[in-house]
Amino acid sequence: MPLIIMCGYPCCGKSKRAEELRHYFTQHTGRKVYVIGDDILGNEKNWVYADSQNEKNLRGALKAEVERKVTKYDIVILDSLNYIKGYRYELFCLIKHAQTPHCLVYCLTSAEVSSDWNRSRESSAQYSQEILDALVLRFEAPDSRNRWDSPLFTIQREDTLPFDAISDAIFKRKAPPPNQSTQSQPLSSTNFLYELDKVTQDVLMAVLDSQKTSVPGDLIAVPGATEKIELNRSLNMAELRKLRRQFISYTKMHPTENIGQIANMFVQYLNKSMH
């Protein structure tokens with residue numbers, strides 16, 4: 001099921017554009033069109049976006065619903081802010097695994113216009129100004145040079161949606177190729193399992209040692225990795241062991257053929273888990 005990812009500031013017209021796309025594809029393709037939005041958990045938006053854990057839960061629920069709906073035939077429209085670059089990359093990995101195309105529709109407005117449109121809503125549907133300003137500040141604009149943000153359609157409020165171009169993007173393009181690691185399983189390699197265990201243990205010990213002389217905000221270099229750990233907070237042994245177990249379980253299910261990248265992958269996983 002091709003995936004259309006909406007993206008933009010709060011109150012920038014995403015839902016209106018998503019409805020236009022739903023109507024167009026329903027009328028012109030005969031396919032089912034599913035629109036998945038922030039109301040999936042039934043929680044009030046200010047409550048969700050005021051707390052990082054609530055927001056993380058929402059993103060997880062949206063991604064899970066997309067994964068349930070994705071096939072190679074019907075269409076899914078993800079109508080949410082999708083303002084985090086890393087989250088858009090996760091969605092890209094999802095569609096790679098499902099072997100279906102995607103595109104991004106970026107509804108471009110200024111912060112001032114979004115604030116004006118927010119104030120014009122009924123009070124129960126408004127973002128608080130504090131939440132809206134914070135989301136605008138955190139927004140990571142899509143970049144068509146990134147494969148997970150491409151093809152990218154940037155739409156301003158006076159524009160008409162390029163329906164034909166969007167249709168071509170999701171129906172005439174080939175799906176991105178799956179990672180080689182999803183096609184060939186190196187788990188039969190004793191060396192892979194050994195390196196996975198050894199590298200993650202080395203990283204774990206390096207983090208524990210570095211924390212003795214580091215403070216939150218420091219960057220920690222670990223053996224075998226070019227990327228550094230962003231130490232936002234202290235991690236105790238129990239938490240590190242739990243994260244290591246989770247990473248090993250995930251990597252066994254999604255193995256890489258490039259053993260030299262295990263350390264960087266684990267660093268990325270730790271950084272993501274600490275946010």
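This structure is a prediction, so every number in the text was calculated from the model and none was measured.

Chemist: What should I look at first to understand the overall build of the protein in this one?
Modeler: If you tally the helices and strands in the protein, you get 11 helices and 7 strands. Taken over C-alpha atoms, the radius of gyration comes to 21 Å for the protein, in line with the 19 Å a tight globule of 275 residues would show. Its C-alpha atoms give the protein principal-axis dimensions of roughly 55 × 45 × 30 Å. Among the 275 residues that make up the protein, the fraction classed as buried is 42%. Surface exposure of the protein reaches about 14,600 Å², of which carbon and sulfur atoms provide 50%.

Chemist: When you look at the nonpolar core in this model, what are you seeing that I'm missing?
Modeler: What tends to happen in soluble globular proteins is that the nonpolar side chains get buried as a cluster. The biggest cluster of nonpolar side chains holds 49 residues, and the ones touching the most others in it are Ile-4, Leu-21, Phe-25 and Ile-166. Contact partners of Leu-21, with chain neighbours within four places excluded, come to Ile-4, Met-6, Ile-77, Val-105, Leu-161, Phe-163 and Ile-166. In terms of nonpolar packing, the next biggest core, distinct from the first, is built from 24 residues, Leu-231, Phe-247, Ile-262 and Leu-270 among them.

Chemist: Before we go on, may I ask you to explain the pairing of strand β5 (residues 152–156) in this structure?
Modeler: Along a regular strand, successive side chains alternate from one face of the sheet to the other. Only one face of β5 is covered, namely the face carrying Phe-153 and Ile-155; the face carrying Leu-152, Thr-154 and Gln-156 is uncovered. Two strands pair when backbone bridges link them, and strand β4 (residues 102–108) and β5 are joined in this way by 5 bridges, in the parallel orientation. Across the sheet, the residue bridging to Leu-104 is Leu-152, located in β5.

Chemist: When you look at the layout of surface pockets in this model, what are you seeing that I'm missing?
Modeler: As a volume, the second largest pocket reaches approximately 430 Å³. Looking at the second largest pocket, it is lined by 21 residues, and the ones nearest its centre are Ser-15, Asp-38, Lys-45, Arg-121 and Tyr-127. Among the elements of the structure, α1 (14–29) and α2 (45–49) are those that each provide at least two residues to the lining of the second largest pocket. For the lining of the second largest pocket, the class distribution of residues is 8 nonpolar, 5 polar and 8 charged.

Conventions used here
Residues numbered from 1 in each chain as written. Predicted model: local features only at pLDDT ≥ 70, side-chain atom pairs only at ≥ 80, totals over all residues. Heavy atoms only, no water. Helix = DSSP H or I, 4+ residues; strand = E, 2+ residues; numbered from the N terminus. Rg over C-alpha atoms; globule rule 2.2 N^0.38 Å. Buried < 20%, exposed > 50% of the residue type's maximum accessible area, 1.4 Å probe, protein only. Areas by Shrake-Rupley, 256 points an atom, 1.4 Å probe, with all protein chains shown as cover. Core = buried A, V, L, I, M, F, W, Y, C linked by side-chain atoms within 4.5 Å. Contact = heavy atoms within 4.5 Å. Pairing = 2+ DSSP bridges. 1 Å grid on protein atoms, 1.4 Å probe; cavity = no way out; pocket = protein on both sides within 12 Å on 5 of 7 lines; lining within 4 Å. Points joined across faces, edges and corners; volume = space filled by probe spheres on them. Nonpolar A, V, L, I, M, F, W, Y, C, P; charged D, E, K, R; others polar.

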